[in-house]
Amino acid sequence: MLRSDGNREGETVGDNTSLSVDRRSYLKLAGVAAGSASMLSGAASAAFTRRGIRFKHTVDMVADAGCDPSGNEPCDSKIRNAADDYTLLKFPPGEYKITEKNVILNTTNLGFLGEGDVRFTVPERYNEKMFVVEDGTGLLFENIDVDLRAAGATPGLHFGVDDDLEVHDVEYLGQGIHPNSDPRGGGNGNPDVTYALYPIIRSPDGTGTVSNVVAKNDGLMGAYNHGDGRVGVWIGLSHKGTVTLKNCQFEGFPNNGLYCSRTGGAVQVEGGVFRNNDITQVRLSSSDSYVKNAVIVADLDNSDSPNPGDTLNSRGVRFEAGKFGYRGASVENCDITIASTPHSSGGVVVGSDGADHAIRNTRIKVDVDSIRGVYSKAPVGFGNRGPPPKPHATTLENVSVTGSASGADAVRIDQRDDSVVKGCCIDQNGGNRNGVRLVDSDGSKVVNSTIDVNGQRVVEDNSWVRTRNIDASGSCPTPDSNTGDHVLSIQGTGSRADYSFTVTSDLAKSTANGGTTGSSMTVSGSSATGYVWGGTDSYTFSGDLESFNLDGEATVTIDGEPAHVGQRPDHVLSIEGTGSRTDYSFTVTRDLAESTANGGTIGSSTDVSGSSATGYVWGGTDSYTFSGDLESFNLDGEATVTIDGEPAHVGQRPDHVLSIEGTGSRTDYSFTVTRDLAKSTANGGTTGSSMTVSGSSATGYVWGGTDSYTFSGDLAAFNLDGRATVTLDGRPAHVGRRPDHVLTIEGTSSHADYTFSVTNNLEKSTANGGTTGSSDSISGSSATGYVWGGTDSYTFSGDLESFSLDGNADVFLNDDRIR
C-alpha cells in the first residue's frame, strides 16, 4: 500500500531510519560529521543560478569528492557527504555506481549536474529508489542517465520538495523487468516493483518542471501486480503544488505510463510521447491538470515489450477522482491512436469515479473493433471509491474520431447530464458503428458536428438531447501518424530564414506547435531543407539531431527547449558504396566527427584526424558531421556522396588540403601542386598578405599561426626554410621526402630545344599542365627535350645547376619566370 508521501507503507529510507529524520541526524547515523558536507563544497564563490535555482558552491564529484567515474567503486557515501545547501554537484563524463538507497533530507538548493555523458548504474536485481531527496526546497537533477541494464534492475528516483523542482534531460537506459514478475498475476505472486520517477511538490504554491525525460521501459505487459507493478511517473496524495511534465517519453510500463490521478495538486503534461503502456498511457484527475500537444499511442503490434499479447488494458487517457473528490482535468490538442491491442476500453476513458472533464481540439483514431474513441462511464463509483463530486458533465469540443473500428459507439456518455458535443467530427467506416450514444444524460446537446457512420448518428438512450446542425458526411482531421521521439520546430521572425538539418532516423513533417507542412519543406531520408518567414515549420524525428545549418534568424526548439543549433555541426556528409571497394579522403573546415546518420556505420574502415578523414566503403554507408565547408574531397572508385541529403558534387571540389602550422619562429615555404590551387581557412588557416598564389605554386611564411591551401591532383614539390608542421589531408606531408622545386618550360608557336642539370631527385611532372611524353628525356640529374605550344614540367631537389635554351619558350622556377 502507498502512503500519502509516495512511499510504500512501512518503508524506510536507509539504516532503518524513517523519512521524518532530519538531514543532520541522518548524516550522524551514517557516520558523517555534521560539517563534512559543507567542507567538501570548497571555498565559497560568487552566487550563480541554473534553471532558476541559486547556488553558491560547486563540487567536482571526481576531483573534489573522490567518486570513481569508471563505475567500479560505489559513489553513494561520497554523494551523500557532498550534498549540502546551495551546492551544485558536478559529475564529469563517466559511470557512477549506486548500490543503495541514498537519502538526503532538508536541503536548500541542491543540484546534480552531469557534464557530458554521465550515467548512474546499479547492480543486478536492484529494486530500490536510488535517491530520496526530501523535506527541502530547490532541487536540480540534470543530464544524468539512469542505467538499469543490469539483469533484473528496477531503480527509481524520488524527488520531493516544497518548491523549485527542476529535472531535465534524463534517460532511463534498459528494461525495468523484475525477475519475479509474473504477467497476469499467476504463479507464486508478484513483488512490489519500484516506480521510475516520483516528482512531488509539497507546497500548494510550489512549482516544478520535468522535461525531456525518456524511459522506454519495454517491460512485461500484464504485470500490473494489483497496483504494485512498475510505473513510469507516480504522483500521489502528498503532491500539493504544480508540476509540469514537458516533452517526456514513457513507453512500455506495465502499471501506467503517467499515473498522476491520485493527487489534488496540478499535473500539467505538455508535449511528449506516451506509447504502449499497460493500463493507461496518461492518467489524470484534478483541477488545473491537463495533457496537451502530446502523442498518445496504443500499437502493441509494434511494441518492444517481450509479451505484448498479455496487455490488460491499453487506454489512451484516463480520468478519475478516486475516493478523494478531485475533478476537472482536460485533454487539449492531442493525437491519440488505438492502432492494435489485445484490449482497451477506449482512447479517452472517464472512470466511474471520474467527475466533470473536457476534451478539446484533439484527434482520436481507433482501428480496433469494439473500442470506443471516448467512453465516459456512469459516475457511480466502485469498490471503496464513492461517486465523484458533481458536476459530472462530459465536454467534447472540436474533437475528431476516425479510423476503421466497427461495433460499439465512437463516443458513449453514461449518466452525465448537461454534456456537450460541439464542433466535432466523427468518421468511422466500420460496420455496426454508432456515432454518439448518450445514456441517462438529460440536458445534453450534440451540435454543429459531422457524424459519418454506418449506424445511428446520435443515439438518445433514455435521454433528452438537443441536436442541431449535424452533417452526415465530411472530412475529419486525423492524428499525426508519426510518433517520433522528438519535435523540432523552426519559427520565423518576419524575414526569410533558410535552414537544413539531418537527424538519425524517422524524419517527417508535423503540425506540432502550429507547424505547417507546405511545399517550402522538403524531406529526403533523414535530412530536410526549407525556409520560414513569420510562420513555423515543424518535424518529428527519432534519435538525435545530427546537424543544423541556419541562414537567417529563427527560433529553433527541440521538444519545446532551445535547440542550441549554433552549437551543432552544420552538415552531414554521407558516402554510400555501390558494391565494390571505393576509397575516399576529404577535409572540412571544423568539427568533424563520425556519425550514424543515413544508416552510417562507425567501424575500423574510417579514420578521423582533426578536420580530415579517410576511409573506404563497399556496399554500406559512412557518414560524418561537420561545421563550415567541405574543403576538399578525393574519391577513388564509385560512390554516392551527399551533403545534407543533396548530391555533394565532389568532382567539382579540390582533392586535398595542405596546411603549414608555425612553431613560433619565422619559417618560409614554397610549393607547387598539379592544379586548382587556392588559399583556405581549413584547420584554422588564415588567408593574409603573407601568402601568395601564382598559378599552381605558392609562397609564404608562418610564425605561430597556420596557412592552409586546397588543391587538386598531386603535391609536386615543397621547399621549407625553417621549422613547421606540414599536413596533407590531416596527415604528415613528409615534405622532406618530396622535391623542393618545380621547373616548367612553356612552349610558344615555334620549336624550342632545352637542356638542363639539377642537384638531385630529377623527375618529370604534370605540374602546371605539364606532359610527360617522348619529347623529353632524363639521364640522372640532367634532362633534354623540346616544346612547341605545350608544356614540360620537372620536379627536383637542391639547385638548378645549368639551363640552356635554343628557341623561344617561357621558363619558370616555382612559378618565378627565369627565362
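Only a predicted model underlies this, so the values are computations on that prediction, with no experimental measurement involved.

**Considering the overall build of the chain**
Argument step 1. Helices and strands together make up the secondary structure of the chain, namely 3 helices and 68 strands.
Argument step 2. Classification of the 819 residues of the chain by burial places 56% in the buried group.
Argument step 3. In the chain, the proportion of contacts linking residues at least 24 apart, taken out of those at least 6 apart, comes to 74%.
Argument step 4. Within the structure as shown, the chain displays about 31,300 Å² of accessible surface, and the carbon and sulfur contribution to it stands at 42%.

**Digging into the pairing of strand E25 (residues 315-319)**
Argument step 1. Of all 5 residues that make up E25, 5 are buried, and the element is covered over most of its length.
Argument step 2. Across 4 bridges, the pairing between strand E22 (residues 280-284) and E25 is parallel. Counterpart to Arg 283 in the pairing with E25 is Arg 318.
Argument step 3. For E25 and strand E28 (residues 348-350), the ladder comprises 3 bridges, and the chain directions are parallel. For Val 317, the partnering residue across the bridge sits in E28 and is Val 348.

**Things to note about the state of the cysteines**
Argument step 1. Summed over all chains, the structure comprises 2 disulfides.
Argument step 2. Note on cysteine connectivity: Cys 67 is disulfide-linked to Cys 75, with sulfurs 1.8 Å apart. On the sign convention where negative is left-handed, the bridge of Cys 67 and Cys 75, at about 60° about the S-S bond, is right-handed.
Argument step 3. Using a relative accessible area of 4% as the deciding quantity, one classes Cys 67 as buried.

**Examining the nonpolar core**
Argument step 1. If you look at the biggest cluster of nonpolar residues, it comprises 92 residues, and the most contacted ones within it are Ile 79 and Phe 112.
Argument step 2. Residues within four places of Ile 79 in sequence aside, it is in contact with Met 61, Cys 67, Leu 89, Phe 91, Ile 98, Phe 112, Phe 120 and Phe 131.
Argument step 3. One finds Tyr 499, Leu 545, Phe 548 and Ile 558 within the second-largest nonpolar core, a separate group that totals 18 residues.

**Considering the confidence of the model for the chain**
Argument step 1. Taken over all residues, the pLDDT of the chain has a mean of 87, while the share at 70 or more is 92%.
Argument step 2. In this model, residues 1-44 is a region of pLDDT below 50 whose contacts with residues beyond four sequence positions or in other chains number 90 contacts.

**With respect to the pattern of salt bridges**
Argument step 1. For the structure shown, the criterion picks out 30 salt bridges.
Argument step 2. Glu 134 is paired through a salt bridge with Arg 202; the nearest N and O atoms lie 2.5 Å apart. Of this pair, Glu 134 sits in strand E10 (residues 129-142) while Arg 202 sits in the loop between strand E14 (197-201) and strand E15 (207-216), and the two are 68 residues apart along the sequence.
Argument step 3. Looking at Glu 134, the relative accessible area reads 2%, which means it is buried.
Argument step 4. In this structure, the salt-bridge partner of Arg 360 is Glu 397, at a minimum N-O distance of 3.4 Å. Placement of the pair is Arg 360 in strand E29 (residues 357-360) and Glu 397 in strand E32 (residues 394-397), with a sequence separation of 37 residues.
Argument step 5. The exposure class of Glu 397 is partly exposed, given its relative accessible area of 26%.
Argument step 6. When salt bridges that share partners are traced, they join Arg 50, Arg 51, Glu 142, Asp 169, Lys 246 and Glu 561 into one network.

**With respect to unusual backbone geometry**
Argument step 1. Here Lys 390 and Pro 391 are connected by a cis peptide whose omega angle stands at 0°.
Argument step 2. Counting through the fold element by element, Pro 391 comes out in the loop between strand E31 (374-376) and E32.
Argument step 3. At Asn 462, a residue that is not glycine, the phi angle is positive and equals roughly 55°.
Argument step 4. Among the secondary structure elements, Asn 462 is positioned in the loop between strand E39 (458-461) and strand E40 (465-471).
Argument step 5. A relative accessible area of 59% places Asn 462 in the exposed class.
Argument step 6. Positive phi, close to 60°, is recorded for Asp 676, a residue that is not glycine.
Argument step 7. Within the secondary structure, Asp 676 sits in strand E56 (residues 667-680).

Calculation criteria
- Residues numbered from 1 in each chain as written.
- Predicted model: local features only at pLDDT ≥ 70, side-chain atom pairs only at ≥ 80, totals over all residues.
- Heavy atoms only, no water.
- Helix = DSSP H or I, 4+ residues; strand = E, 2+ residues; numbered from the N terminus.
- Buried < 20%, exposed > 50% of the residue type's maximum accessible area, 1.4 Å probe, protein only.
- Contact = heavy atoms within 4.5 Å.
- Areas by Shrake-Rupley, 256 points an atom, 1.4 Å probe, with all protein chains shown as cover.
- Pairing = 2+ DSSP bridges.
- Disulfide = S-S within 2.5 Å.
- Core = buried A, V, L, I, M, F, W, Y, C linked by side-chain atoms within 4.5 Å.
- pLDDT = per-residue confidence, 0-100.
- Salt bridge = Lys/Arg side-chain N within 4 Å of Asp/Glu carboxyl O.

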